[in-house]
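The lines below spell out each chain.
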Amino acid sequence: MKIFRILVCLVAVIASGAMFVSCDNTPKLPVDVQYDIVAVGDYKTMESSRPEITFTADGRFHGTTGCNRYFGEYTVEGNTITIADNMGMTRMFCPESDSQEQLIADQLPRIAEFDVKGDDLTLTTTNGQVLHCVKSAVQPVVEEETEEKEPETAVEKAYNPEL
């Protein structure tokens, strides 16, 4: 009987421990990976001026609308993404991609959720628009931090004031 009680207690301990083990299936937002935005809802973006987006490890994002560049900050919790109110963008005139430009500019600040499946990134906005993104063939170069170098010669000092 004592062995039976020990076995019951052991099973209970193992079962209760299993309740605390979680399988986290929440997707992780890929950072320092450039994605082409191939569609926004039913609108297929122009291949000749394909918009791009990259989220960086330091909580920033940047990309192009196909003409203008944009940049800003974001936070992630689970699969929820929040775009900060301080998003900025250049404002060049882009007659050939004006409608695409406006659509991307309108939807970026509304991004609220993301999902990742292989090389596909899906960004969903607060108004239900879906930005379908595919990992770009060309990826950005992520520079590693290096120690600052002291100028070695007078010429280096004269031509590289930052050294």
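Scroll up a little and you will see the structure.
Residues numbered from 1 in each chain as written. Predicted model: local features only at pLDDT ≥ 70, side-chain atom pairs only at ≥ 80, totals over all residues. Heavy atoms only, no water.

### What about the state of the cysteines?
Phase 1 of the analysis: Tallied over the full model, the rule gives one disulfide.
Phase 2 of the analysis: For Cys67, the disulfide goes to Cys94, at an S-S distance of 1.7 Å. One disulfide, between Cys67 and Cys94, carries an S-S torsion of -65° and so falls in the left-handed class. Placement of Cys67 in the loop between β4 (60-64) and β5 (69-77) and of Cys94 in the loop between β7 (88-89) and α2 (98-107) is noted, with a sequence separation of 27 residues between them. (Disulfide = S-S within 2.5 Å. Helix = DSSP H or I, 4+ residues; strand = E, 2+ residues; numbered from the N terminus.)

### Section: the packing of aromatic side chains
To describe a pair of aromatic rings, you give the distance between the ring centres and the angle between the ring planes.
Phase 1 of the analysis: Taken as a whole and assessed by the stated rule, the structure comprises three aromatic pairs.
Phase 2 of the analysis: Here Phe61 and Tyr70 contribute two aromatic rings whose centre-to-centre distance is 6.1 Å and whose plane-to-plane angle is 45°, an arrangement assigned as tilted.
Phase 3 of the analysis: Among the residues examined, Tyr70 registers a relative accessible area of 1% and is labelled buried.
Phase 4 of the analysis: Taken together, the aromatic side chains of Phe55, Phe61, Tyr70 and Tyr74 make up a single cluster linked through ring pairs. (Phe/Tyr/Trp six-rings, centres within 6.5 Å; stacked < 30°, edge-to-face > 60°. Buried < 20%, exposed > 50% of the residue type's maximum accessible area, 1.4 Å probe, protein only.)

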